[in-house]
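# Architecture and fold: a report
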Amino acid sequence: MGENNLYYQSTRGSKKRFLSTEAIIKGIADDGGLFVPMVIPRINKDLHKLKGLDYKRLAYLVMKDFFTDYKEDELISCIKQAYDKKFDTKVVAPLIKKRGAYFLELYHGPTLAFKDMALSILPHLLRKAAQKLNLKQEIVILTATSGDTGKAALEGFANLPGTKIIVFFPQEGVSEIQKRQMLTQKGENTYVIGIRGNFDDAQRGVKQIFEDPIFNEKMEEKNFIFSSANSINIGRLIPQIVYYFYAYLNLLERGEIKVGEKINITVPTGNFGNILAAYYAKSMGLPLHKLICASNENKVLADFFNTGIYDKRRELVRTISPSMDILVSSNLERWLWDISEGKTEQVSELMNSLDKKGFYQVTPKMKNKLEGFSGGFAREEEARNSIKEVFQESGYLIDPHTAVGYVVYKKYVNETQDQTKTVIVATASPFKFTTSVMESISKEYKKYDDFELIEKMANLSQLPIPPGMKDLKNKPILHHIICDKSEMKSKITEILSY
Ligand SMILES: *Cc1c(COP(=O)(O)O)cnc(C)c1O
């Protein structure tokens, strides 16, 4: 290995290089930037020769060139511990053809959202990294969640030796089921805290803690180091590249596309992590044409792709797709680094402007590179109608996030007449958002609560109730802390001083 290591550097400051283990442990760079791979490795195999590989083998092939300082058996062991029986289907990520498109179901993991795809492996990558770097401290995972990350991270880290996990979620910004999933989390090392504020408040709070050298030093003296399970961690981003290859190979295998044929990908987007992974897949050599970035009414990204101006100066709207209720999409910074051709001063300037003025505008040269993407958005009504339409016409249930993707896909095809085959990423199970889904189908369901609707949904769709949903209502609430956004640091100190 040695010579062939891939290094990571910050999007903002120094050119200091980090190995993947170091970047995974640190989560975020000291200067507040995000770690990016200095080059994107090319997939050095003919794609058609990879047809039929199972998910785990493909995962190894895709990830090995990013995580070069893990030995082969180390990485394979992480992969095996991640994509096992926690997933309710052997194929891990089924691709379902409906209504002229292909839905890539990434919600078959323990918490019913696509976050499981990465958060089932991150804890193992992190623990292995700590061993390899001879770290003596306990790792404390700090995470802000708009709903799905929190539960997936809790599941992944619960009772993992040498780690603690503290999750902050916006009290009023997640669904009842999401909240219940988190508040009933077992595990001696798990802490769940509600914030009076929205997701951006929670995310900003966590970021500030990472960027606070004095606090971090103090904690290190107490034998704790902080790391992140948010999608800013490279150990979360890279595993997400795998399923784009998987979907493509599946289409090849089924004869839906020819070797080398390009496809489009539509991703319901929030923090820009999932779609950035698609961009990385494309950079690795996967034949992808347009990456269609789908926003809900918080359409900062849609506006950005249409104008080159990223402007967060607007009210956050709460929608039926809460995991996308985000105004600051952190991972976009990685893409800016890429299209600026690694000019960290330029990225810092833009980020500074966003922070100080609330917006930034990319340079004309960068603007030319926006065209690999198409940005669109769905209104609430449109998302609701599409849930109903898809169900009535094909008996297929989609969740509100996936519905946003579907609406934006339809609009894109209408506007462009682009006939390229398209994979729509289905990011959550409809069982996670029973109220919004069932009420979209018929008003008669308004009289039931989230939990009653689980069974009704199972009857209507003829789908089994997913394991994580059974008995959710009767599980004891194990976490009770609520705090202001200004108190996050002191809560952490409290937790860690026991
Ligand atoms: C997190 C999440 C998203 C947004 O993904 P990003 O990587 O943040 O863009 C979309 N849908 C669901 C269900 C999610 O949990």
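Values in this document were obtained by computation on a predicted structure and should not be read as measured data. (Residues numbered from 1 in each chain as written. Predicted model: local features only at pLDDT ≥ 70, side-chain atom pairs only at ≥ 80, totals over all residues. Heavy atoms only, no water.)

### As for a positive patch on the surface
Together, Lys56, Lys80, Lys85 and Lys90 make up a region of like positive charge exposed at the surface. The topology assignment puts Lys85 in the loop between helix 3 (72–82) and strand 3 (95–98). The exposure class assigned to Lys85 is exposed, which follows from its relative accessible area of 82%. (Patch = residues over 30% accessible without salt bridge, like charges linked within 9 Å, V, L, I, M, F, W, Y side chains within 5 Å. Areas by Shrake-Rupley, 256 points an atom, 1.4 Å probe, with all protein chains shown as cover. Salt bridge = Lys/Arg side-chain N within 4 Å of Asp/Glu carboxyl O. Lys, Arg positive; Asp, Glu negative; His and termini not counted. Charge placed at Lys NZ, Arg CZ, Asp CG, Glu CD. Helix = DSSP H or I, 4+ residues; strand = E, 2+ residues; numbered from the N terminus. Buried < 20%, exposed > 50% of the residue type's maximum accessible area, 1.4 Å probe, protein only.)

### Section: the site of the ligand
Around the ligand sit 15 residues, and of these Lys115, Asp148, Gly270, Asn271 and Thr427 come closest. One of the backbone N or O atoms of Asn271 is found 2.7 Å from an oxygen atom in the ligand. Contacts to the ligand include Phe272, whose backbone N or O atom sits 3.1 Å from an oxygen atom. Protein coverage of the free-state accessible area of the ligand, which is 390 Å², stands at 98%. (Near = heavy atom within 4 Å. Polar contact = N/O pair within 3.5 Å; in protein donor to acceptor, adjacent residues only side chain to side chain.)

### Some remarks on the UniProt feature "domain: Tryptophan synthase beta chain-like PALP" (unreviewed entry) in the protein
Per the UniProt record, "domain: Tryptophan synthase beta chain-like PALP" (unreviewed entry) is annotated on residues 102–348. Here residues 102–348 runs as 42% helix and 19% strand, with 38 Å between its end C-alpha atoms. (UniProt positions renumbered as here; feature names shortened; annotations may be inferred.)

### Here we look at the pattern of salt bridges
Applying the stated criterion to the full structure yields 27 salt bridges. Linking Lys164 and Glu138 is a salt bridge whose minimum nitrogen-to-oxygen distance equals 3.4 Å. Highlighted residues: Lys164 in strand 6 (residues 163–170) and Glu138 in strand 5 (residues 138–144), separated in sequence by 26 residues. Judged by relative accessible area, Glu138 falls into the partly exposed class, the value being 22%. Among the ionic pairs, Glu211 bridges to Lys207, the shortest N-O distance being 3.5 Å. Classification of Glu211 by relative accessible area gives partly exposed; the value is 35%. Residue classification places Lys207 among the partly exposed positions, given a relative accessible area of 22%. Residues participating in the shared-partner salt-bridge network are Lys71, Glu74 and Lys132.

### Things to note about the sheet that holds strand 6
Each strand in a sheet pairs with another by means of backbone hydrogen bonds, the pair being arranged parallel or else antiparallel. Taking strand neighbours across the sheet as the criterion, the five strands line up as 8-5-6-7-15 in an open arrangement whose pairing is parallel. The open sheet terminates on both sides in strands that have one partner only, identified here as strand 8 (224–228) and strand 15 (481–484). Taking each pair of neighbouring strands and ignoring which way they run, the sheet shows an average axis angle of 30°. Both strand 5 and strand 6 contribute to a ladder of six bridges, which runs parallel. Note that in strand 6 the partner of Val140 across the bridge is Lys164. Strands strand 5, strand 6 and strand 7 (190–196) of the sheet are contacted by helix 6 (residues 148–157), whose axis makes an angle of about 165° with strand 6. (Pairing = 2+ DSSP bridges. Axes fitted to C-alpha atoms, helices over the stretch in contact; angles between N-to-C directions. Contact = heavy atoms within 4.5 Å.)

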